[in-house]
Amino acid sequence: MGLLDSVLGQVLGGAAQQQQPQSGGLGDLGGLAGALGGLLANNGGQGGLGGLVSKFEQAGMGDVIGSWIGKGENQPVSGDQLQSALGGDTIAAIASKLGINAQTLLPMLATMLPALIDQLTPHGKVPDQGLGNHDDLLGSLSGLLQGRQS
């Protein structure tokens, strides 16, 4: 999972510096790592990256997520567009897990998800085997975040 570690180091590294909670540690980012794992994992609630692509296509935003996967410029996404594609229940569940509201979560996801998907698909397509199962992704993300806390 070296590629995932490297990608998340780049994507979450800046966020870790900007989003550190006042009460010490990166608890919120650890939860965000779990949430991203749930969105992207093959056995996650969204059906992995392929399932996420389908949700965006159903919401009329296939070109947006396609730009993140492809080799060109990433199209931006708004929090409202993410909520439309992922569904209010999914956003509410992630926000609840993190102990924040959807209005706080959506801009973070709108920044991180395009960059993460872009970095995880360097060949311009969804990998045939997906990105791995939730435990694999979560373990990798948690290890990366633990290393950043020290």
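As the structure is a prediction and not an experimental result, all values here were calculated from the model.

Caption draft 1: Looking closely at the overall build of the protein. Counting its regular elements, the protein contains eight helices and zero strands. For the protein, the α and β elements follow one another from N to C terminus as α-α-α-α-α-α-α-α. Buried positions account for 46% of the 150 residues belonging to the protein. Restricting to contacts in the protein with at least 6 residues of sequence separation, those with at least 24 account for 70%. Split by element, the accessible area of the protein, about 7200 Å² in all, is 46% carbon and sulfur.

Caption draft 2: Representation of the packing of helix α3 (residues 48-58) against helix α4 (residues 62-69) in the model. Between α3 and α4, the shortest axis-to-axis distance is 7 Å and the interhelical angle comes to 145°. Where α3 abuts α4, its residues Leu52, Val53, Phe56 and Glu57 lie against Gly62, Ile65, Trp68 and Ile69. Residue composition of the contact of α3 with α4, grouped by class: six nonpolar, one polar and one charged.

Caption draft 3: Quick peek at the packing of helix α6 (residues 88-98) against helix α7 (residues 102-120). At their nearest, the axes of α6 and α7 sit 9 Å apart, and the two run at 105° to each other. By the angle between their axes, α6 is roughly perpendicular relative to α7. Contact residues: α6 offers Ile91, Ile94, Ala95 and Leu98, while α7 offers Ala102, Leu105, Leu106 and Leu109. Here the contact of α6 with α7 is built from residues that sort into eight nonpolar, no polar and no charged.

Caption draft 4: Structural detail: the nonpolar core. Membership of the largest hydrophobic core comes to 31 residues, with the highest contact counts inside it found for Leu52, Phe56, Leu82 and Ile117. The greatest single-element share of this core, amounting to ten residues, is contributed by α7. Here isoleucine 117 is in contact with Leu40, Leu49, Leu52, Ile65, Trp68 and Ile69, once residues within four sequence places are set aside.

Caption draft 5: Focus on the side chain of serine 67. As for its position among the elements, serine 67 is in helix α4. A polar contact is formed between the side chain of serine 67 and the backbone nitrogen of glutamine 75, at a distance of 2.8 Å. Discounting chain neighbours no more than four positions away, the residues touching serine 67 are Gly72, Glu73, Asn74 and Gln75.

Caption draft 6: Region of interest: α6. Within the span of α6, buried status applies to Thr90, Ile91, Ile94, Ala95 and Leu98. The arc that holds every buried residue of α6, seen down its axis, measures 130°, which confines them to one face. More than 90 degrees from the buried face of α6, the exposed residues found are Asp89, Ser96 and Lys97.

Caption draft 7: Local environment of the packing of aromatic side chains. Under the criterion given, the structure shown has one aromatic pair. When the ring of phenylalanine 56 is compared with that of tryptophan 68, the centres are 5.4 Å apart and the planes differ by 70°; the resulting orientation is edge-to-face. One end of the pair, phenylalanine 56, is in helix α3; the other, tryptophan 68, is in helix α4, with twelve residues separating them in the sequence.

Caption draft 8: Layout of the environment of leucine 82. Within the secondary structure, leucine 82 is located in helix α5 (residues 79-86). Judged by relative accessible area, leucine 82 falls into the buried class, the value being 0%.

Caption draft 9: Main features of the confidence of the model for the protein. Summary statistics for the protein give a mean pLDDT of 74 and a share of 64% for residues scoring 70 or more. In the predicted structure, residues 1-6 sits below a pLDDT of 50 and forms eleven contacts with residues beyond four places in sequence or in another chain. Here residues 14-28 scores under 50 on pLDDT; set against residues more than four positions off or in separate chains, the count is 16 contacts.

Analysis parameters
- Residues numbered from 1 in each chain as written.
- Predicted model: local features only at pLDDT ≥ 70, side-chain atom pairs only at ≥ 80, totals over all residues.
- Heavy atoms only, no water.
- Helix = DSSP H or I, 4+ residues; strand = E, 2+ residues; numbered from the N terminus.
- Buried < 20%, exposed > 50% of the residue type's maximum accessible area, 1.4 Å probe, protein only.
- Contact = heavy atoms within 4.5 Å.
- Areas by Shrake-Rupley, 256 points an atom, 1.4 Å probe, with all protein chains shown as cover.
- Axes fitted to C-alpha atoms, helices over the stretch in contact; angles between N-to-C directions.
- Nonpolar A, V, L, I, M, F, W, Y, C, P; charged D, E, K, R; others polar.
- Parallel < 35°, antiparallel > 145°, perpendicular 65-115°, else oblique.
- Core = buried A, V, L, I, M, F, W, Y, C linked by side-chain atoms within 4.5 Å.
- Polar contact = N/O pair within 3.5 Å; in protein donor to acceptor, adjacent residues only side chain to side chain.
- Arc of directions from axis to C-beta.
- Phe/Tyr/Trp six-rings, centres within 6.5 Å; stacked < 30°, edge-to-face > 60°.
- pLDDT = per-residue confidence, 0-100.

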